[in-house]
Amino acid sequence: MAENGLKLRTIDLIDGELNGHQEKQNKLQFKVEEEKKFEATITYGIDDVPSWYLCIFMALQHYLTMIGAIVSIPFILTPALCMKEDDPARGHIISTMIFVTGIVTFFQTTFGCRLPIVQGGTISFLVPTLAILSLPQWQCPAPDVLDAMSPANRTEVWQVRMRELSGAIAVSSLVQVFIGYFGVMGILLRYVTPLTIVPTVSLVGLSLFENAAEAASKHWAISGSTILMLTVFSQCLTEVKVPGINYKRGQGFRIIWFNLFKLFPVLLTIVIMWGVCGIITLKDVLPRGHPARTDVKIKILEDSDWFRIPYPGQWGMPTVSASGVLGMLAGVLACTVESISYYPTVAKMCGAPPPPVHAINRGIGTEGLGTMLAGLWGSGNGTNTFGENVGAIGVTKVGSRRVIQYACVLMLLQGVINKFGAVFIIIPEPVVGGIFCVMFGMITAFGLSALQYVELNSSRNLYIIGFSMFFSLVLPKWMVAHPDAIQTGSQILDSVLTVLLSTSILVGGLLGCLLDNTIPGTPEERGLIAWAEQMKLETTPTDDHSQEKSTYDFPIGMSLVRRWTWTSYLPFMPTYRSGQWCC
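Engineer: Can you help me understand the packing of helix α10 (residues 220–236) against helix α12 (residues 265–282) in this one?
Structural biologist: When two helices pack together, their arrangement is captured by the angle between the axes and the distance separating the axes. Here α10 crosses α12 at 150°, and the two axes come no closer than 9 Å. Accordingly, the angle class assigned to the pair α10 and α12 is roughly antiparallel. Every pair of crossing elements has a handedness; the one defined by α10 and α12 is right-handed. Contacts from Ile222, Ser225, Thr226, Met229, Leu230, Phe233 and Ser234 of α10 reach α12 at Pro265, Val266, Leu268, Thr269, Ile272, Met273, Cys277 and Ile280. Residue classes in the contact of α10 with α12 are distributed as eleven nonpolar, four polar and no charged.

Engineer: Looking at this model, I keep getting lost on the pattern of salt bridges. Mind explaining?
Structural biologist: For the coordinates displayed, the defined rule picks out five salt bridges. Between Arg460 and Asp516 there is a salt bridge; the shortest N-O distance is 2.8 Å. Residue Arg460 is located in helix α20 (residues 459–481), and its partner Asp516 is located in helix α22 (residues 504–518); the two are separated by 56 residues in the primary sequence. As far as the burial class goes, Arg460 and Asp516 line up, both buried. Ionic pairing is found between Arg526 and Asp516, a salt bridge with its closest N-O pair at 3.3 Å. One end of the pair, Arg526, is in helix α23 (residues 523–526); the other, Asp516, is in helix α22, and ten residues separate them in sequence. For Asp516, a relative accessible area of 0% corresponds to the buried category.

Engineer: Whenever I open this one, the environment of Ala485 confuses me. Can you help?
Structural biologist: If you trace the backbone, Ala485 turns up in the loop between α20 and α21 (491–502). The spacing of Ala485 and Thr498 is 13 residues in sequence and 8.4 Å in space, taken between C-alpha atoms.

Engineer: I would appreciate a short explanation of the side chain of Ser468 in the present structure.
Structural biologist: With respect to the helices and strands, the residue Ser468 is situated in helix α20. Exposure remark for Ser468: the relative accessible area of 0% places this residue in the buried category. Of the polar contacts made by the side chain of Ser468, one reaches the backbone oxygen of Ile465; its length is 3.2 Å. Excluding residues that lie within four positions of it along the chain, Ser468 makes contacts with Pro199, Leu203, Gly508, Leu511 and Gly512.

Engineer: Before we go on, may I ask you to explain the environment of Pro265 in this structure?
Structural biologist: If you trace the backbone, Pro265 turns up in helix α12. Remark: the alpha-carbon pair of Pro265 and Ser234, spanning 31 residues in sequence, is separated by 5.5 Å.

Engineer: Even after reading the chapter, I still don't get the side chain of Thr371, so can you show me in this structure?
Structural biologist: Among the structural elements, Thr371 can be located in helix α15 (residues 357–377). Its relative accessible area of 0% is what places Thr371 among the buried residues. Beyond its immediate stretch of four places on either side in the chain, Thr371 contacts Phe125, Ile169, Ser173, Gln176, Gly382 and Thr383.

Rules used throughout
- Residues numbered from 1 in each chain as written.
- Predicted model: local features only at pLDDT ≥ 70, side-chain atom pairs only at ≥ 80, totals over all residues.
- Heavy atoms only, no water.
- Axes fitted to C-alpha atoms, helices over the stretch in contact; angles between N-to-C directions.
- Helix = DSSP H or I, 4+ residues; strand = E, 2+ residues; numbered from the N terminus.
- Parallel < 35°, antiparallel > 145°, perpendicular 65-115°, else oblique.
- Left-handed = near helix turned anticlockwise from the far one by under 90°.
- Contact = heavy atoms within 4.5 Å.
- Nonpolar A, V, L, I, M, F, W, Y, C, P; charged D, E, K, R; others polar.
- Salt bridge = Lys/Arg side-chain N within 4 Å of Asp/Glu carboxyl O.
- Buried < 20%, exposed > 50% of the residue type's maximum accessible area, 1.4 Å probe, protein only.
- Polar contact = N/O pair within 3.5 Å; in protein donor to acceptor, adjacent residues only side chain to side chain.

Listed below in structure tokens is the structure:
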């Protein structure tokens, strides 16, 4: 009897394990089916090449998405540099920043991580920049002293500060280059879990709500109409087709039907609402100087140069100081954490396979090189993945890297033809604010989507998510209100700690990473098993003589790379095999 009971219990245990295994298989199968459904909604994948005329319009859409954010940075930076409001060099800094964005973005999408991301100026660098310029030796002279200066001396006042920022940005970026190209990023990624991604990415959107609210509140009727129109175009009319004209050699002109609202929701919304603001301006519905009028910033267009080519060292030879480099290092670290959080998200949005470790290493290293170029060119800022354009991919379902490469051409043209870029700078603020409300919301949602990998019934996970996100909003807010709270006796250390603790994405990411890797939890509970399928750290490159192409391979020269065996030891090469430098 005892033996029969033991057999029955053994059978029950085996049945339980089989049922548990079957349940896991069913969940995995369900997740695979859901991913296939998501990929089916993508209009253009990462390797797809739309028609050239579609690429132009979709590139213009990405350009319009990023231009508002990138232009806002110099308007915050230049007053801290002691620059006059009517100084034409303001436009030169804007053109320089966009010109460098075009160069770095093209190199990133072509030879870097090869994801369709825009690399441009970032608010993450503004915080350490303002902290550096608030040091006693860099504070602006009194207004009456500035007014008494000659034009040449006044120019030297802001240029000497720009040279200090340029040197600090260029030198601090070497840390990011080292982290990426030497494979350190691949090691750190083993500790970047879904509970690290959630607060880091979602806080990018949440921490920018004040920027969106400030622009949208200039005229809530226009910004609300912008939000409503973008919602209808991107969510309700995606399957509505409209007629268009197509031309083919030998066939002539013919009528085609295409998904206009699915391809260009952002562009259509901006153009229509811009036109509405133009009508309001012509009818004098709003008083002169109102942010919703289209003639508020018309002076920027009139004063802009027709042609000017930015070049490295245009403000003089960059200078280097320990306080500047250490202070700017906080911005570099914040941008690194933010960018690696975007890579798997963007890959999923584009229907691409999870980025392998060599692509992530190469992406971070390339971003470091881009930040170095931005510093040497004198943009006064570094480079980082643009969250606004990530949001645009989520809204439009267009993830082709060719579209971003077309956008790079527009950026380079704007950097040289200043009048071209000035046209888009005069977009009314309420329209930009409405677009930001949707875009930043999309970024927050994609950050929270990483919760699908973790067990949400676990009190452990709920504690980590809640505390890391809430405290990351509380502490930076308090630091901004009390900038002199940290007094260690060292001005350099004070500024570095202030910058670190004022950056919500950095605080949230570090808290999530620390708590998830120290509080006990099972791999299933933490989502590590499901996340391993999303973020593959072990690379399995094709055979040396194989011609199989990968999304993350170089566009040229892969036959040589596969032929050279030594490339498998370099952490940034497509043939890299992880673990070769250790037992």
